[in-house]
Amino acid sequence: MCKAGSFYLWILQLIVLLAILALGLWLTLTPKNPTFTIVELTLPSSKNSSAGTDNQDGTISYTLEISNPSKDSTVYYDEILLVFYFGQDLIGNNKIPAFEQGKGDKIQKSNHVDANDKKVGRAISDGISKGKADLKVDLATKIKYKTWGVKSKHHEVKLEAEIPVGSDGKILGKKKHIQLRNPSKKWKLRANKFL
């Protein structure tokens, strides 16, 4: 009887050990989400315009830094959609083509967005000339991870950020890099129009 009891105890210990090992492997191999940061943003301002002529077209030049903190996973991005707002008014949107990012890599994508409506462009220029304009940016994409040769299913990424812009047409304040965060509930109402 003692041998049967110790056999069952041995099987139980083996099962517990395998469960702990599986949990440890799962925790180490779970990829970390990539981070998206606006590292540079420039709007036309009266200080930036040449010969005193106001550039009020509302063109936004930006640089988006995408960081993959996972040391074990490659990230495959579908097309990335960026939508810019001034208050509740749509400035414009921009798409970054699909690409692959290696393990632990950081890449920067620079581009520009033209205001769809010239009234919005003038409102942005007026806000900048008064010293501050608050922009909002929404980001949407889908990603896949590849860990040890196995690709995951698609994961939806939806992020947003508020960007204060100063009178010089650049990001205002000490914090010059704006990291995009999880969105508020209002995001779905705005961004679903473009997806």
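Residues numbered from 1 in each chain as written. Predicted model: local features only at pLDDT ≥ 70, side-chain atom pairs only at ≥ 80, totals over all residues. Heavy atoms only, no water.

A.B. asks: Lay out the overall build of the chain with the relevant residues and their values.
C.D. replies: Per the secondary structure count, the chain includes 3 helices and 11 strands. When its helices and strands are written in sequence order, the chain yields α-β-β-β-β-β-β-β-α-β-β-β-β-α. Considering the chain as a whole, with its 195 residues, one finds that 37% of them fall into the buried category. In the chain, the share of contacts with a sequence separation of at least 24, taken over all contacts with a separation of at least 6, comes to 70%. Summed over its atoms, the accessible surface of the chain is roughly 11,800 Å², and 56% of this surface lies on carbon and sulfur atoms. (Helix = DSSP H or I, 4+ residues; strand = E, 2+ residues; numbered from the N terminus. Buried < 20%, exposed > 50% of the residue type's maximum accessible area, 1.4 Å probe, protein only. Contact = heavy atoms within 4.5 Å. Areas by Shrake-Rupley, 256 points an atom, 1.4 Å probe, with all protein chains shown as cover.)

A.B. asks: Account for the pattern of salt bridges, with residues named and values stated.
C.D. replies: Following the criterion strictly, the structure yields 2 salt bridges and no others. In this structure, Glu79 engages Lys95 in a salt bridge whose closest nitrogen and oxygen atoms are separated by 3.8 Å. Remark: Lys95 occurs in strand 5 (residues 89–96) and Glu79 occurs in the loop between strand 3 (73–77) and strand 4 (80–86); sequence separation between them is 16 residues. With a closest N to O distance of 3.8 Å, Glu156 and Lys158 form a salt bridge. Glu156 gets classed as exposed once you look at its relative accessible area, which sits at 54%. (Salt bridge = Lys/Arg side-chain N within 4 Å of Asp/Glu carboxyl O.)

A.B. asks: Can you break down the packing of aromatic side chains residue by residue, with the values?
C.D. replies: Per the counting criterion, the structure on display carries 5 aromatic pairs. A centroid spacing of 6.1 Å and a plane angle of 85° characterise the contact between Phe36 and Tyr77, whose relative ring orientation is edge-to-face. One end of the pair, Phe36, is in strand 1 (residues 35–42); the other, Tyr77, is in strand 3, with 41 residues separating them in the sequence. Using a relative accessible area of 0% as the deciding quantity, one classes Phe36 as buried. When the centroid spacing of 4.6 Å and the interplanar angle of 20° are considered together, the rings of Tyr77 and Phe99 count as stacked. (Phe/Tyr/Trp six-rings, centres within 6.5 Å; stacked < 30°, edge-to-face > 60°.)

A.B. asks: Explain helix 2 (residues 118–129) to me, using residue names and the numbers behind them.
C.D. replies: Along its 12 residues, helix 2 runs 16 Å from first to last C-alpha, staying within 8% of the 16 Å computed at 1.5 Å per residue. For helix 2, the complete set of buried residues consists of Val120, Gly121, Ile124, Ser125, Gly127 and Ile128. For helix 2, the arc enclosing every buried residue in end-on projection is 160°, short of the 170-degree limit, so these residues lie on one face. Exposed side chains of helix 2 directed beyond 90 degrees from the buried face belong to Lys119 and Ser129. (Expected span 1.5 Å × (residues − 1). Arc of directions from axis to C-beta.)

A.B. asks: Explain the sheet that holds strand 7 (residues 106–113) to me, using residue names and the numbers behind them.
C.D. replies: Pairing is antiparallel across the open sheet formed by 4 strands, whose spatial order is 7-2-1-11. For this open sheet the edge positions go to strand 7 and strand 11 (178–179), each flanked by a neighbour on one side alone. Where strand 1 meets strand 11, 2 bridges bridge the pair, whose relative direction is antiparallel. What sits directly across from Ile38, in strand 11, is Ile178. (Pairing = 2+ DSSP bridges.)

A.B. asks: Go over the nonpolar core, please, and point to the residues and values.
C.D. replies: Counting 36 residues, the largest nonpolar core has Phe36, Leu41 and Leu64 as the members making the most contacts within it. Looking at this core, the elements that each hand over two or more residues are strand 1, strand 2 (60–67), strand 3, strand 4, strand 5, helix 2, strand 8 (132–147) and strand 10 (155–166). Counting residues per element, this core draws most heavily on strand 8, at 6 residues. Filtering out sequence-adjacent residues up to four positions away, Leu64 remains in contact with Phe36, Thr37, Ile38, Leu82, Ile96, Ile107, Gln108, Lys109, Leu139 and Leu180. (Core = buried A, V, L, I, M, F, W, Y, C linked by side-chain atoms within 4.5 Å.)

A.B. asks: Go over the environment of Thr63 with me, naming the residues and quoting the values.
C.D. replies: Checked against the element boundaries, Thr63 lands in strand 2. Separated by 26 residues in sequence, Thr63 and Thr37 have C-alpha atoms that sit 8.4 Å apart. For Thr63, the contacting residues outside a window of four places in its chain are Thr37, Ile38, Val39, Glu40, Gln108, Lys109 and Ser110.

A.B. asks: Can you explain the environment of Ser61? Please cite residues and give values.
C.D. replies: When you line up the elements, Ser61 lands in strand 2. Ser61 sits 21 residues away from Glu40 along the chain, and the two C-alpha atoms are 8.0 Å apart. Not counting chain neighbours up to four residues away, the residues in contact with Ser61 comprise Glu40, Leu41, Thr42, Asn111 and His112.

So yeah, pure geometry; function would need other evidence.
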